[in-house]
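Structural features, examined
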Amino acid sequence: MMKLEGALYPWRFRVVLGLLALMVGAIAWRIVDLQVVDRAFLKGQGDARSVRHIPIPAHRGLITDRNGEPLAVSTPVTTLWANAKEMQQAKAQWPSLAAALGQDPKVLSERLQAQANKEFIYLVRGLTPEQGQSVLDLKVPGVYGIEEFRRFYPAGEVTAHMVGFTDIDDRGREGVELAYDEWLAGVAGKRQVIKDRRGRLIKDVQVTKNAKAGKPLALSIDLRLQYLANRELRNAIVDNGAKAGSLVIMDVKTGEILAMVNQPTYNPNNRRNLQPAMMRNRAMIDVFEPGSTMKAISMSAALESGRWKPSDKVEVYPGTLQLGKYTIRDVSRTEGPVLDLTGILINSSNVGMSKIAFDIGGESIFRLAQKIGLGQDTGLGFPGERVGNLPNYREWRKAETATLSYGYGLSVTAIQLVHAFSVLANNGRMAPLTLIKTDKAPDTAQVIPEHVAKTIQGMLQQVIEAPRGVFRAQVPAYHVAGKSGTARKTSVGTKGYAENSYRSLFAGFGPMSDPRYAIVVVIDEPSKAGYFGGLVSAPVFSKVMSGTLRLMNITPDNLPATQQAATAPVVPVQANGGRG
Ligand code: 59J
């Protein structure tokens, strides 16, 4: 027979029940006690010692040039802040604090009094850790330090546009610092601490999440070339009283940008008094009409069409060409009434180029220009980069076909122009542009037939070396090629062209024995001696190409016969000098 135990021992059941009721009552009382009676006391205690998480700043990745030269370095700094409220108890120590901070004691004391209610004010940001510690060692109540990182740019204004900068919170704001922010930034860590009501650190409990350092980044640029380019561009801007300018050096085989500079520039380490004009990375964010540098591309299209060869002749007399009410003009008097294709480039004949364009048709010029990147996305993803504009050939009437063939009616960036010339230099093969150092040979595409590229190379070498050529672009000891351009600037507000503001251009490459480097020089509104590209920009090309070929240890391919002998392999001689 089964019976309930409780029924057998009723007194035991009641005791258990009674105990349970007592416990419930006790808990209920404790709840009331905590929530109502002791509330204020406990809340105060909780606030007084609260567990908080404070961020551990992550070290930002180092940016270097292609040879490991530092371009952006994160250095640890100490920022000192004050709880001004708390500091009111320690007025006697203010003068010694001011002395340690190198601040005027009167100014500091006025500030601390004016902000006496503030629990957080900056005293000074970005001290070296040693400077910061020496102030903290004074143990002035209410003075605290936090560790931060600050970016320093060793090459200053020379790499400013390329590298960009970070903001006060160490996030990328411009240039590579912005474009590669995710790669460089790393992830902040977390530290659990116990702080008192005033925010004073009582106990450093533990690191709950380690900071993850950002990754380093090696750029394609060569700091030596960057310095060279910056110096020569700046000198040319000053000498010519120009408004602005850009210069880009590119490795035509790898697609790497070796130097990219602009004027005016700025010091990224001291950004006070910064004007927007100084910050423009013009080589990528400013577009312009390529003018006669475009003739190198249109002439390539003529050669590619199979309808033209360099020795073919075109009548350019009388230096004008009437298209309805529109007149195409040659600026300088040409060598004669009839020019061959090389002569059209050397004399930069707009009339001759236009006649060839009518023969081959706009579409062939359009297709070639498009293939070599004019008015196309570079894929670099640089902040603020412009694409420019290459209007579709279907919209070209006769006047547009003519003016586009000699460089007006389309707009490009300096980086696009150097890329286009790199294809001519690299025997028609196009390497994708990159701002990052590449270790393996890139995939290139043959976008112009090799024989066309080689022919245009020879013609552009003549543009520099022929008797009436752009001799100012010549480089001692090397053969180089290129094309100058002088373009009237479109005047703002009107549809027309300004009467006397010009853009002087030069685009070229070398050495011709095995073209390796392409350079574009853009000088905006020269206002002194002259304004022709062959006068203003060609000498800059010459100096920068000369320095580049030497710094990169490229064997000269145009030494006078005597010097050529001097660099010939040394024949071993007998120890006695061969005297017997
Ligand atoms: C020029 C233009 C403006 C736009 C003209 C330069 C045109 C044109 C309408 C007058 C100076 C000038 C669409 S000049 O680059 O032909 O190698 O340095 O700006 O022609 O039709 O007082 N280049 N420049 N033209 N426009 N529209 C020559 C030429 C060029 C040189 C000099 C002489 C122009 C030797 C330019 C150079 O090849």
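Let me begin by describing the structure that accompanies this report. Remember, predicted model here, so these are calculated numbers, not experimental data. Once a new chain begins, its residue numbering starts again from 1 and follows that chain's sequence as written. The predicted nature of this model means local features are confined to residues of pLDDT at least 70 and side-chain atom pairs, given and counted, to a pLDDT of 80 or more, with totals for whole chains, interfaces and linings taken over all residues. Hydrogen atoms and water are omitted, and side-chain values are computed over all heavy atoms in the structure.

**Section: the overall build of the protein chain**
Just so we agree on the cut-off: Put simply, DSSP marks the helices as runs of H or I at least four residues long and the strands as runs of E at least two long, and each gets a number from the N terminus on. We compute the radius of gyration from the C-alpha atoms alone; for a globule the expected value is 2.2 Å times N to the 0.38, where N is the number of residues. Burial here depends on accessible area, computed with a 1.4 Å probe over protein chains only, as a share of the maximum for the residue type. Under 20% is buried, over 50% is exposed, and the range in between is partly exposed. Residues are treated as being in contact if the distance between any of their heavy atoms lies within 4.5 Å. Exposure was quantified through the Shrake-Rupley algorithm and a 1.4 Å probe, taking into account, for residues, occlusion by the shown protein chains and nothing else. Positive: Lys, Arg. Negative: Asp, Glu. His and the chain ends are not part of the count. Where a charge lies is defined by one atom per residue type, namely NZ (Lys), CZ (Arg), CG (Asp) and CD (Glu).
Along its length, the protein chain carries 23 helices and 19 strands. Its C-alpha atoms give the protein chain a radius of gyration of 36 Å, clearly above 25 Å, the size a compact globule of 580 residues would have. Buried positions account for 48% of the 580 residues belonging to the protein chain. Within the protein chain, counting contacts between residues at least 6 apart in sequence, those at least 24 apart form 72% of the total. Here the protein chain displays about 29200 Å² of accessible surface, and carbon together with sulfur accounts for 55% of that area. When the 70 positive and 52 negative side-chain charges of the protein chain are each reduced to one mean point, those points stand 4 Å apart.

**Description of the pattern of salt bridges**
We count it as follows: Any Lys or Arg side-chain nitrogen found within 4 Å of a carboxyl oxygen on Asp or Glu counts as a salt bridge.
Taken as a whole and assessed by the stated rule, the structure comprises 25 salt bridges. In this structure, the salt-bridge partner of Glu-148 is Arg-125, at a minimum N-O distance of 2.8 Å. Placement of Glu-148 in strand 5 (residues 143–152) and of Arg-125 in strand 4 (residues 121–127) is noted, with a sequence separation of 23 residues between them. The residue Glu-499 makes a salt bridge to Arg-488 at a minimum N-O spacing of 2.6 Å. One end of the pair, Glu-499, is in strand 18 (residues 497–510); the other, Arg-488, is in strand 17 (residues 481–490), with 11 residues separating them in the sequence. Judged by relative accessible area, Arg-488 falls into the partly exposed class, the value being 36%. Through salt bridges that share partners, Arg-60, Arg-151, Arg-171, Glu-177 and Asp-181 make up one connected network.

**Regarding the site of the ligand**
For the record, the criterion: Whether a residue is near a molecule or strand depends on its heavy atoms: if one lies within 4 Å, it is near. Pairing of N or O atoms within 3.5 Å defines a polar contact, subject to two protein rules: one partner must be a possible hydrogen donor and the other a possible acceptor, and residues neighboring in sequence count only if both atoms are side-chain atoms. Residues are grouped as follows: Ala, Val, Leu, Ile, Met, Phe, Trp, Tyr, Cys and Pro are nonpolar; Asp, Glu, Lys and Arg are charged; every other residue, Gly included, is polar.
Around the ligand there are 21 residues in total, and Ser-292, Ser-348, Tyr-406, Ser-484 and Thr-486 lie nearest to it. Between the ligand and Tyr-502, the relevant distance is 3.5 Å, taken from an oxygen atom to a side-chain nitrogen or oxygen of the residue. At 3.2 Å from an oxygen atom of the ligand is found a main-chain nitrogen or oxygen belonging to Gly-534. Those elements that place two or more of their residues in the shell around the ligand are strand 17, strand 18 and helix 21 (533–536). In terms of residues, the shell around the ligand owes the most to one element, strand 17, which gives 5 residues. Of the residues contributing to the shell around the ligand, the split by class is 9 nonpolar, 10 polar and 2 charged.

**Quick word on the packing of helix 14 (residues 295–304) against helix 20 (residues 450–465)**
We count it as follows: The axes are straight lines fitted to the C-alpha atoms, using for helices just the contacting stretch, and the angles between their N-to-C directions are given from 0 to 180°. What sets the label is the angle itself: under 35 degrees gives roughly parallel, over 145 gives roughly antiparallel, 65 to 115 gives roughly perpendicular, and the rest give oblique. Less than a right angle of anticlockwise turn of the near helix away from the far helix marks a crossing as left-handed, whereas a clockwise turn marks it as right-handed.
Look at helix 14 against helix 20: their axes get within 10 Å of each other, and the N-to-C directions meet at 135°. As the angle between them shows, helix 14 and helix 20 are arranged oblique. Two packed elements cross with a definite hand, and for helix 14 against helix 20 that hand is right-handed. Every residue of helix 20 that contacts helix 14 at Ala-296, Met-299, Ser-300, Leu-303 and Glu-304 is listed here: Val-452, Thr-455, Ile-456, Met-459 and Leu-460.

**Side note on a nonpolar patch on the surface**
Note the threshold: The patches described consist of residues with a relative accessible area above 30% and no salt bridge, like charges being joined within 9 Å and nonpolar side chains (Val, Leu, Ile, Met, Phe, Trp, Tyr) within 5 Å.
A contiguous nonpolar patch, built from Tyr-9, Trp-11, Val-15, Leu-19 and Leu-22 and spanning about 550 Å² of accessible area, is present on the exposed surface. Considering the arrangement of structural elements, one finds Val-15 in helix 2 (residues 10–37).

**Some points on the nonpolar core**
This is how the line gets drawn: To form a nonpolar core, buried Ala, Val, Leu, Ile, Met, Phe, Trp, Tyr and Cys residues must be joined to one another through side-chain atoms within 4.5 Å.
Formed by 128 residues in total, the largest nonpolar core has its most connected members in Leu-219, Leu-247 and Leu-460. Top element by residues in this core is helix 19 (residues 414–425). It accounts for 9 residues. Each residue touching Leu-460, except ones within four places of it in the same chain, is listed here: Ala-296, Leu-345, Phe-421, Leu-424, Ala-481, Gly-482, Lys-483 and Phe-509. Leu-97, Ala-98, Ile-121 and Leu-127 belong to the second-largest nonpolar core, a separate cluster that totals 16 residues.

**Topic: the packing of aromatic side chains**
Quick reminder of the rule: For Phe, Tyr and Trp, where Trp contributes only its six-membered ring, two rings pair if their centres lie within 6.5 Å, and the inter-plane angle classes them as stacked under 30 degrees, edge-to-face over 60, or tilted in between. Cation placement over rings: the criterion is NZ of Lys or CZ of Arg within 6 Å of the ring centroid and within 35° of the ring normal.
Applying the stated rule across the entire model yields 11 aromatic pairs. Between Tyr-406 and Tyr-408, the ring centres sit 5.7 Å apart and the planes meet at 70°, which makes this aromatic pair edge-to-face. For the pair Tyr-406 and Tyr-408, a shared accessibility class is recorded, and that class is buried. Chaining the aromatic ring pairs together yields one cluster made of Trp-81, Phe-120, Tyr-122 and Tyr-144. The ring of Trp-183 has Lys-215 lying over it, and the distance from NZ or CZ to the ring centre is 4.9 Å.

**Let's talk about the sheet that holds strand 17**
Our working definition: Pairing between strands requires that DSSP locate at least two bridges from one strand to the other.
Within the open sheet, the 5 strands sit side by side as 10-9-19-18-17. Their pairing is antiparallel. Each edge of the open sheet is held by one strand with a lone partner, namely strand 10 (257–263) and strand 17. The average undirected angle you get between the axes of adjacent strands in this sheet is 10°. Bridge analysis of strand 9 (residues 244–251) against strand 19 (residues 517–524) gives 8 bridges, and the strand direction is antiparallel. Residue pairing across strands places Val-248 opposite Val-520, the latter belonging to strand 19. Lying on the sheet, helix 11 (residues 223–239) is in contact with strand 9, strand 10 and strand 19; it crosses strand 10 at an angle near 30°.

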